[in-house]
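Observations on the three-dimensional arrangement
What follows is each chain in one-letter form.
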Amino acid sequence: MAKIILNGGEALHGDVQISGAKNAVLPILCATILADEPVTLSNVPHLHDVTTTISLLGALGAKITVDDSQTLHIDPRSVNRTVAPYELVKTMRASILVLGPLLAKFGHAEVSLPGGCAIGSRPVDLHIRGMQALGAEVTVENGFVKARCDRLKGGRFVFDMVSVGATENVLSAAVLARGTTVLENCAQEPEIVDLALCLQTLGAKIDGIGTSTLTVEGVERLHGGRYAVQADRIETGTFLVAAAMTGGRITCRRARADTMDSVLQKLVEAGADISHTADTITLDMGGRRPRAVDITTAPYPAFPTDMQAQFAAMNCMADGVGVIKETIFENRFMHMNELMRLGADVKIDGHTAIVRGVPELTGAPVMATDLRASASLVLAGLVAKGETVIDRVYHIDRGYENIEEKFRGLGARIRRVG
Ligand SMILES: CC(=O)N[C@H]1[C@@H](OP(=O)(O)OP(=O)(O)OC[C@H]2O[C@@H](n3ccc(=O)[nH]c3=O)[C@H](O)[C@@H]2O)O[C@H](CO)[C@@H](O)[C@@H]1O
Ligand SMILES: C=C(OP(=O)(O)O)C(=O)O
């Protein structure tokens, strides 16, 4: 099994190009099912989750071609199946996002229940209730969500908690519903904005994009079109934290500072100098050791849970004590035990972790448990004295494109074996 090996101690310097956002491209790919003409997506990252989504769309009958490494043509006209099988859904939870598009377009969808994962139980009750609010009959049988309707009808639905995936699924379904849909207490993540903008490009009528209330005027059909996926704010944040931890200076190119205020503010609090243009972000740590920061994860625009593990890694070697509160997922501290293997001083009390910075981490064999946990171990390995060997790195390939090459380009000593 592949492993990543790091020899820590190099300050990162230089430029790194940020890829398209995993969490934007996945719902957008699923939503292409709604169109009745081909859709071309550019700035598509080369990630394992993207390959899984392509396989899922292919299993539904879509024709997909790749014309360079970042552009995909999806022809949804040949979609003729409405069942998303367990074998594909179990490898990627975001597969549930075909539920709304299949139901809206074909009046029928069966999607295997995704189940939980290492970070939490992750139910899909809000997705189901949203479809019901649009008039669908939904049952859960034999491990599948089964949904049926003649044509979805616009309605009003209030999400009783903020969910990124449920907002995306119900929004995608509503664009082909008859009449007006008002969705309240929506998640406002930049990836939802990207999905909504892509749907608009294909002819959907959506108001309130980027706010917690989305109003959708249903249309008869979506046409084809071209759309460029936005930059990945979590990948960007991961590189910026790495530069801060190593005392370096890097510029992230094709990045979007306007989607990551809370993360940039925390990096400034940690002692970084940050400047940006419309599509670059530069972080200069000037050789300083970061200061520990307190973070509390919460829905956008607050601090993202997908950056929690990376900031935990920074706090492990920072000056001072950082208190980390995870409010989104009940089990998202698995990386802490592995960071402790590198010498970190962490106390966990329920959903709070108290991280006391130590002057030096030391390399050790560690194991990745999920995507961002893997990222935190890479970051810790960049500063740990000696060799860090990370096992189960397939988690990282779900969400980071060419991570070793990108870090090597910034001067890190990192390689993959096996
Ligand atoms: C592919 C993708 O975009 N993944 C992101 C998405 O995941 P995902 O869309 O799965 O996350 P949600 O925003 O739905 O989850 C937020 C919370 O709501 C709960 N919940 C969710 C749905 C539901 O029907 N019932 C329910 O109780 C979840 O268990 C969790 O506690 O948003 C998360 C929160 O920003 C990110 O960490 C993930 O990277
Ligand atoms: C939790 C994540 O992704 P997913 O929802 O696909 O598991 C993530 O991107 O950190």
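From a predicted model like this one, the values you see are computed outputs, not experimental measurements.

Digging into the site of ligand 1
Contacts to ligand 1 come from 22 residues, most closely from Asn 23, Leu 126, Ser 163, Val 164 and Gly 165. Broken down by secondary-structure element, the contributors of at least two residues to the shell around ligand 1 are α1 (22–31), α5 (125–133) and α6 (164–174). Considering only residue class, the shell around ligand 1 consists of 11 nonpolar, six polar and five charged.

Brief notes about the packing of helix α10 (residues 308–317) against helix α12 (residues 371–383)
Two numbers describe how α10 lies on α12: the axes approach to 8 Å, and their chain directions differ by 25°. Regarding the angle of α10 to α12, the classification is roughly parallel. As α10 packs across α12, the resulting crossing turns out to be right-handed. Here Ala 309, Gln 310, Ala 312, Ala 313, Cys 316 and Met 317 of α10 lie close against α12, whose contacting residues are Arg 372, Ala 373, Ala 375, Ser 376, Leu 379, Ala 380 and Val 383. Residue classes in the contact of α10 with α12 are distributed as 10 nonpolar, two polar and one charged.

Points about the UniProt feature "active site" (unreviewed entry) in the protein chain
Within this structure's numbering, the places UniProt gives as "active site" (unreviewed entry) are Cys 117. Following the sequence through the fold, Cys 117 ends up in the loop between β7 (108–112) and α5. Accessibility expressed as a C-beta count within 10 Å gives 16 for Cys 117, which makes it partly exposed.

Observations concerning the UniProt feature "binding site: UDP-N-acetyl-alpha-D-glucosamine" (unreviewed entry) in the protein chain
The positions UniProt marks with the feature "binding site: UDP-N-acetyl-alpha-D-glucosamine" (unreviewed entry) are Arg 93, Arg 122, Pro 123, Val 124, Asp 125, Leu 126, Asp 306 and Ile 328. Within the secondary structure layout, Leu 126 lies in helix α5. In this structure Leu 126 comes out as partly exposed when scored by C-beta crowding, with 19 C-beta atoms within 10 Å. Beyond its immediate stretch of four places on either side in the chain, Leu 126 contacts Phe 159, Met 161, Ser 163 and Ala 166. Topologically, Asp 306 is positioned in the loop between β18 (295–296) and α10. Its 25 C-beta neighbours within 10 Å are what place Asp 306 among the buried residues. Leaving out residues up to four positions away in the same chain, Asp 306 has contacts with Ile 234 and Arg 372.

Calculation rules
- Position numbers for residues start from 1 in each chain and track the written sequence from start to end.
- Chain letters and ligand numbers both follow the written order, the letters beginning at A and the numbers at 1.
- Under the rules for a predicted model, residues below a pLDDT of 70 receive no local features and side-chain atom pairs below 80 are neither given nor counted, while totals for whole chains, interfaces and linings still include all residues.
- Near residues are defined by distance alone, with the backbone-placed C-beta atom required to lie within 6 Å of the molecule or strand.
- Helix and strand assignments follow DSSP, with helices taken as H or I runs no shorter than four residues and strands as E runs no shorter than two, numbered in order from the N terminus.
- Nonpolar residues are Ala, Val, Leu, Ile, Met, Phe, Trp, Tyr, Cys and Pro. Charged residues are Asp, Glu, Lys and Arg, and all others, Gly as well, are polar.
- Angles run from 0 to 180 degrees between N-to-C directions of axes, and those axes are lines fitted to C-alpha atoms, restricted for helices to the stretch in contact.
- Here roughly perpendicular refers to angles of 65 to 115 degrees, roughly parallel to angles under 35, roughly antiparallel to angles over 145, and oblique to all remaining angles.
- Crossing handedness is read from the near helix: turned anticlockwise from the far helix by less than a right angle, it gives a left-handed crossing, and turned clockwise, a right-handed one.
- By the criterion used throughout, residues are in contact when their C-beta atoms, derived from the backbone, lie within 7 Å.
- UniProt positions are given in the numbering used here, feature names are shortened, and annotations may be inferred rather than shown by experiment.
- Residue burial is a threshold on neighbouring C-beta atoms within 10 Å of the residue's own C-beta, all placed from the backbone, with 20 or more meaning buried, 12 or fewer meaning exposed, and counts in between meaning partly exposed.

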